[in-house]
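Residue-level listing of the chains:
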Amino acid sequence: MKKWYGGVLTTSLLMFLVLGYCVMRKPVKESYVTSSVYFNMTNPLEWINAMAPPAAHQPEKITQVISAEIVVSDLFIKRNLSAQEQQSLSTWYQLKRLVTHDQVLPNAIDAVKEASIAWNNLMTAVEREKLDANDSSVKTGKQKQCPHFLSKTNATEIDASGFKLRFPCGLTQGSSITIIGIPNGLLGNFRIDLTGEPLPGEPDPPVILHYNVRLHGDKITEDPVIVQNTWTIAHDWGEEERCPLPSDEKSKKVDELEQCNEMVGNVMATRHVIATNKSSLAQDGSKSRKYFPFKQGYLSVATLRVGSEGIQMTVDGKHITSFAFRETLEPWLVSEVRISGDIKLISVVTSGLPTSEDSDHISDLEALKAAPLPPRKRLDLFVGVFSTANNFKRRMAVRRTWMQYDAVRSGQVAVRFFVGLHKNQMVNEELWNEARTYMDIQLMPFVDYYSLIAWKTIAICVFGRINVTRGLLYGLINSDSHPHRSPDSKWFISPEEWPEETYPPWAHGPGYVVSSDIAKTISSKQRKGRLKMFKLEDVAMGIWISEMNKKGLEVKYEKEERIFNEGCRDGYVIAHYQGPREMLCLWQKIEEKKRALCCGE
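Residues numbered from 1 in each chain as written. Predicted model: local features only at pLDDT ≥ 70, side-chain atom pairs only at ≥ 80, totals over all residues. Heavy atoms only, no water.

Engineer: When you look at the overall build of the protein in this model, what are you seeing that I'm missing?
Structural biologist: Scanning the protein from terminus to terminus reveals 13 helices and 29 strands. Residues classed as buried in the protein amount to 57% of the 601 residues present. Entry remark: accessible area of the protein is about 26,800 Å², with carbon and sulfur atoms responsible for 50%. (Helix = DSSP H or I, 4+ residues; strand = E, 2+ residues; numbered from the N terminus. Buried < 20%, exposed > 50% of the residue type's maximum accessible area, 1.4 Å probe, protein only. Areas by Shrake-Rupley, 256 points an atom, 1.4 Å probe, with all protein chains shown as cover.)

Quick look at the structure:
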């Protein structure tokens, strides 16, 4: 069996965060599963938010019940859906207790409220589509809603309300926004805001990134400065990040790039030529000035690019700033870029936007559809993949690569994507069509936030059952890790969240495997409201297994050194931070060379 694992896992986790090995509590169509794996296809983001609510709770002490009005409002009302559509909701109704009565993780209440609104809007659109399909007078044919590329060229002076460009389906890792313009006016100050969708009843949308260029300084400095921040109606402004950095502040790295390029604000020497009327000889001279990427009256080409951990800004080809994503303010939430202030815009171009593929133009569509779960037949492996709603391309890359293994195509192995709802209606409609087309998506009754990733782990465990007991945690095991106590850390955990000095053994986020008995226990505990919640999903699995171990389950911790936390190395079982193109390239190498070889070398 281990040799077969190698074949599957060799090509599996090429761009995901988490892999697990759970099993289902209730059989879907009476299928039986011996074991299961899950992968996380969300961007590998870690959130910085020192003020976040505690992540771990003692079940017997803290239980928060979400208002029944919110839940009944639409999420769990039975809908008039076809059997095919119902397949995407196999775990939906079984998670009702989890999202209404279990220990509340950070942002859980908001995620359920927002999902209720999104679900109602989606179901309304689905019902309208069915009515239109039955009405011969209505023309069929659906317009593509999620474009890959948008541009506004020859932009004129910004008016009083500023310049706005909407992103119909949000941003994703690799998306970029290029702004060409000239700082002008009296001061030359301008700002770029990436905003999300406002919630009902809130007049202003959240600001996922506020990028403020102040060419003549502000109350703190008289020198030019860039200020980055976030804003929400609930928490107001966050903590400013300034470039150049204050003298007492240490630079942080985001996606291995400096929070503020060290040359910004430093003295730069330049050479110039002095010529006299009496001689043709030239004398070299020099003068010094402080470097700043933007200058009043001069053209600048600035690009914001979404990375795995944050947003990077380059100006005229030089990396200038990095800004780490903050909790609940994630790139898929961005719906618009707003530019205002003293700047003459030449053009705004966006690329790498999330877009779904048109199934009408896919020649091998049948080969990409999931094999149905065989009734009364035992599966060798169940694979659950974490994914966010607008990561269309990543799911297609998985379908075209390791989901083409014979074992998957024959139904011996089952693969399902576990996807939360989006706050954007267009994204949800595209996701619903994708689910109906490929039959491999399980929708979650909450809006995706990173802090709720543990709920997806539980959902995978709820998906079925099997009576096999052989406690196993397989992956890149960490047996000696400590909670990050610094509020500046991306993995900050307070003593209230985890009082002990060390964590129990856990498997690193790129991927791990657990046996079916562990999955069954997790499913049972959450059903009874006795499962301790923790916002770091991979550590949470280690905590849950440790509790089982204390109560008599003999657990085997099997370490796999070929799971790489950073990038790719030849011979990998799992390679981290791989995008759709890299996945296709890695799959091609396996097909041709029959070995796990990396790309780009």
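Now that the structure is up, let's keep going.
Engineer: Can you walk me through the state of the cysteines in this structure?
Structural biologist: Cysteine pairs can be linked by a disulfide, which is a covalent bond between their two sulfur atoms. Scanning the model with the defined rule gives four disulfides in all. Between the sulfur atoms of Cys 146 and its disulfide partner Cys 169 the distance amounts to 1.9 Å. What sets the handedness of the Cys 146 and Cys 169 disulfide is the S-S torsion sign, and at about -65° it is left-handed. One end of the pair, Cys 146, is in the loop between α5 (108-134) and β4 (150-153); the other, Cys 169, is in the loop between β5 (163-166) and β6 (176-183), and 23 residues separate them in sequence. (Disulfide = S-S within 2.5 Å.)

Engineer: Where do I start with the packing of helix α10 (residues 453-462) against helix α12 (residues 537-550) in this structure?
Structural biologist: How two helices sit against one another is set out by the angle between their axes and by the gap between those axes. Orientation of α10 relative to α12, taken along the N-to-C sense of each, is 55°, at an axis distance of 9 Å. Judged by the angle between their axes, α10 and α12 are oblique. Classified by chirality, the crossing of α12 by α10 is right-handed. For the pair formed by α10 and α12, the contact residues are Ile 453, Ala 454, Thr 457 and Ile 458 on the first element and Glu 537, Met 541 and Trp 544 on the second. Grouping the constituent residues of the contact of α10 with α12 by class yields five nonpolar, one polar and one charged. (Axes fitted to C-alpha atoms, helices over the stretch in contact; angles between N-to-C directions. Parallel < 35°, antiparallel > 145°, perpendicular 65-115°, else oblique. Left-handed = near helix turned anticlockwise from the far one by under 90°. Contact = heavy atoms within 4.5 Å. Nonpolar A, V, L, I, M, F, W, Y, C, P; charged D, E, K, R; others polar.)

Engineer: Mind showing me how you'd approach the packing of aromatic side chains here?
Structural biologist: Applying the stated rule across the entire model yields 12 aromatic pairs. Between Tyr 405 and Trp 587, the ring centres sit 5.3 Å apart and the planes meet at 90°, which makes this aromatic pair edge-to-face. Linking Tyr 405 in the loop between α7 (392-400) and α8 (406-409) with Trp 587 in helix α13 (residues 580-593), this pair joins segments that are 182 residues apart in sequence. Judged by relative accessible area, which is 21%, Tyr 405 ranks as partly exposed. Relative to Tyr 503, the ring of Trp 498 has its centre 5.9 Å away and its plane inclined at 45°; by these criteria the two rings are tilted. The pair formed by Trp 498 and Tyr 503 is uniform in burial state, with each residue classed as buried. Through pairs of rings, three or more aromatic residues link up here, namely Trp 92, Trp 119 and Trp 432. Over the face of the ring belonging to Tyr 93 we find Lys 78, whose NZ or CZ atom lies 3.9 Å from the ring centre. The side chain of Arg 399 reaches across the aromatic face of Tyr 438, ending 4.2 Å from its centre. (Phe/Tyr/Trp six-rings, centres within 6.5 Å; stacked < 30°, edge-to-face > 60°. Lys NZ or Arg CZ within 6 Å of the ring centre and 35° of its normal.)

Engineer: Hey, could you run me through the environment of Gly 170 in this one?
Structural biologist: Tracing the backbone through its elements, the reader meets Gly 170 in the loop between β5 and β6. On the basis of relative accessible area, Gly 170 is assigned to the buried category, the value being 3%. Through-space distance from the C-alpha of Gly 170 to that of Pro 354 is 7.0 Å; in sequence the pair is 184 residues apart. Among all residues touching Gly 170, those that are not within four sequence positions of it are Pro 331, Trp 332, Val 334, Leu 353, Pro 354 and Asn 390.

Engineer: So what exactly am I meant to see when it comes to helix α9 (residues 425-438) here?
Structural biologist: Note that an α-helix has 3.6 residues per turn; residues three or four places apart therefore point the same way. In a regular helix each residue adds 1.5 Å, so 14 residues correspond to 20 Å; α9 covers 20 Å between its end C-alpha atoms and thus fits that length. Every buried residue of α9 is listed here: Val 427, Asn 428, Glu 429, Glu 430, Leu 431, Trp 432, Asn 433, Glu 434, Ala 435, Arg 436, Thr 437 and Tyr 438. Each element contacted by the buried residues of α9 is listed here: α3 (83-86), α5, α6 (365-368), α7, β23 (413-421) and β24 (441-447). Taking the backbone nitrogen of Met 426 as reference, a side-chain oxygen 2.8 Å away marks Asn 424 as the first, capping residue of α9. Met 439, located one to two residues past α9, shows a positive phi value of around 60°. (Expected span 1.5 Å × (residues − 1). Polar contact = N/O pair within 3.5 Å; in protein donor to acceptor, adjacent residues only side chain to side chain.)

Engineer: Got a minute to help me understand the confidence of the model for the protein in this structure?
Structural biologist: Atomic detail in the predicted coordinates should be set aside for any region of low pLDDT. Averaged over every residue, the pLDDT of the protein is 80; the share at 70 or more is 79%. Mean pLDDT values for the elements of the protein range from 33 in helix α1 (residues 2-10) up to 97 in strand β16 (residues 300-306). Taken together, the stretch residues 1-63 has pLDDT below 50 and engages in 299 contacts with residues farther than four places along the chain or on a different chain. (pLDDT = per-residue confidence, 0-100.)

Engineer: Where do I start with a positive patch on the surface in this structure?
Structural biologist: A cluster of like positive charges, contributed by Arg 527, Lys 528, Arg 530 and Lys 551, occupies part of the molecular surface. For Lys 551, the location among the structural elements is in the loop between α12 and β27 (556-559). A residue is classified by how much of its surface remains accessible, and Lys 551, at 62% relative accessible area, is exposed. (Patch = residues over 30% accessible without salt bridge, like charges linked within 9 Å, V, L, I, M, F, W, Y side chains within 5 Å. Salt bridge = Lys/Arg side-chain N within 4 Å of Asp/Glu carboxyl O. Lys, Arg positive; Asp, Glu negative; His and termini not counted. Charge placed at Lys NZ, Arg CZ, Asp CG, Glu CD.)

Engineer: Explain the side chain of His 319 here, please?
Structural biologist: By secondary structure assignment, the location of His 319 is in strand β18 (residues 318-324). His 319 gets classed as buried once you look at its relative accessible area, which sits at 15%. Here Glu 258 takes part through its backbone oxygen, which lies 3.0 Å from a polar atom of the side chain of His 319.

Engineer: Would you mind showing me how to read the pairing of strand β7 (residues 190-196) here?
Structural biologist: Note on strand geometry: in a regular strand, side chains alternate between the two faces of the sheet. Of all seven residues in β7, six are buried, a share of seventy percent or more. Bridge count between β7 and strand β8 (residues 207-214): six bridges; the pairing is antiparallel. Of the residues in β8, the one forming a bridge with Phe 190 is Val 213. One ladder, built from seven bridges, connects β7 with strand β19 (residues 334-341); its direction is antiparallel. By the bridge assignment for β19, Ile 192 is matched with Ile 339. (Pairing = 2+ DSSP bridges.)

Engineer: Any chance you could explain the pairing of β24 here in plain terms?
Structural biologist: The element β24 is largely enclosed, with a buried count of seven among its seven residues. Bridge analysis of β23 against β24 gives five bridges, and the strand direction is parallel. Within the sheet, the bridge partner assigned to Phe 418 lies in β24 and is Gln 442.

Engineer: Would you mind going over unusual backbone geometry with me for this structure?
Structural biologist: Leaving glycine out, the prevailing phi sign among residues is negative, and the prevailing peptide bond configuration is trans. In the segment running from Cys 243 into Pro 244, the intervening peptide bond is cis, with an omega of 10°. Position of Pro 244 among the secondary structure elements: in the loop between β11 (241-243) and β12 (253-254). Here the phi dihedral of Asp 236 falls at roughly 60°; this positive angle occurs in a residue that is not glycine. With respect to the helices and strands, the residue Asp 236 is situated in strand β10 (residues 236-237). For Met 439, which is not glycine, the phi dihedral falls at a positive 60°.

Engineer: Hey, could you run me through the environment of Pro 372 in this one?
Structural biologist: Looking at where Pro 372 falls in the secondary structure, it is placed in the loop between α6 and β21 (378-379). Given a relative accessible area of 64%, Pro 372 falls into the exposed group. Spatially, the C-alpha atoms of Pro 372 and Gly 411 are 6.9 Å apart, while their sequence positions differ by 39 residues.

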